Amino acid sequence: MLILAGGKVNVKKVLLIEDEKNMSKFIQLELQRESFSVTIAAEGNTGLQYALAEEWDVILLDIMLPGLDGLEICRRVRASKKCTPIIMLSARDSVSERINGLDCGADDYLPKPFAIEELLARMRVVFRRQQGATVHMEHEMDRLPLMSYLDLSLDPNTRIVSRAGLPIELTKREYALLQMFLSNTNRVLDRETLLDQVWGFEAAVDTNVVDVYVRYLRRKIDYPGESSYIQTMRGIGYVMRK
């Protein structure tokens, strides 16, 4: 709950898409105790309709749902709502499942079972990120400078990435990773730093996720048969240099 000037109360709206009745009721009661407004959808298609019909401060999204699964819901929401925070809740806890969840557009991934205190902490993190992005947009009057390295460029204003003038399609996480490298050319970045800056230190992912996404990024920005712009520093991390 946020108190605005003049004493007006701004209650944050949460959409919980979860088919386990006991779980959804427990989360709803705990969040209501923290003064959140909680709407529940117990089925994928209904959840998607709710997600697209209104503006939400955060969507809590289970993966295994009747009807549409959580991954497909996340993709469709992201196609029209780029900034609405999405936290995935799932009993699937493998690295590949976490990658799938984050890659389809989720802001965070919380494996079940979890303590309600951890969920609340994750929600506070995405709220802080959202607030920071809003403040940045309100105060940023000039266009951000183009980021480039040799023939590779990234325009943070349009989010267009290209090499030698040819556009490159990147996922949200790949884009953030490339932006980190372009901001630190010729500087060695260890995996922990990349994980912290790109995924957030609260994200429940392992450092080997960084290796997976570096491979994804190399496939898209490098030319076959040529050395990569992103060099591996064995035992340390990565550096962008030719």
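Since this is a predicted model, take the numbers as computed values, not measurements.

1. Observations regarding the pairing of strand 10 (residues 160-163)
In this structure, strand 9 (residues 152-155) lies alongside strand 10, joined through four bridges in antiparallel fashion. Opposite Leu152, over in strand 10, you have Arg163 as the bridge partner. Between strand 9 and strand 10, which pair antiparallel one after the other, the connecting turn spans four residues, and Arg159 there sits at a positive phi close to 60°. When strand 10 meets strand 11 (residues 166-168), the two strands line up antiparallel, connected through three bridges. If you follow Arg163 over to strand 11, its bridge partner there is Leu166. The hairpin turn running from strand 10 into strand 11, its antiparallel successor, is two residues long, and Ala164 in that turn takes a positive phi close to 55°.

2. A few points about the sheet that holds strand 8 (residues 147-149)
Reading across from one edge, 8-9-10-11 is the order of the four strands in this open sheet, with antiparallel pairing throughout. The sheet is open, and its two borders are formed by strand 8 and strand 11, each paired with just one other strand. Going from strand to strand, the sheet's axes swing by 25° on average, the running direction of each strand aside. Where strand 8 meets strand 9, three bridges bridge the pair, whose relative direction is antiparallel. Bridging from a neighbouring strand, Ser148 pairs with Ser153 of strand 9. Against the sheet, helix 6 (residues 172-182) makes contact with strand 8, strand 9 and strand 10, and its axis sits at roughly 115° relative to strand 9, the strand it touches most.

Parameters at a glance
- Residues numbered from 1 in each chain as written.
- Predicted model: local features only at pLDDT ≥ 70, side-chain atom pairs only at ≥ 80, totals over all residues.
- Heavy atoms only, no water.
- Pairing = 2+ DSSP bridges.
- Helix = DSSP H or I, 4+ residues; strand = E, 2+ residues; numbered from the N terminus.
- Axes fitted to C-alpha atoms, helices over the stretch in contact; angles between N-to-C directions.
- Contact = heavy atoms within 4.5 Å.

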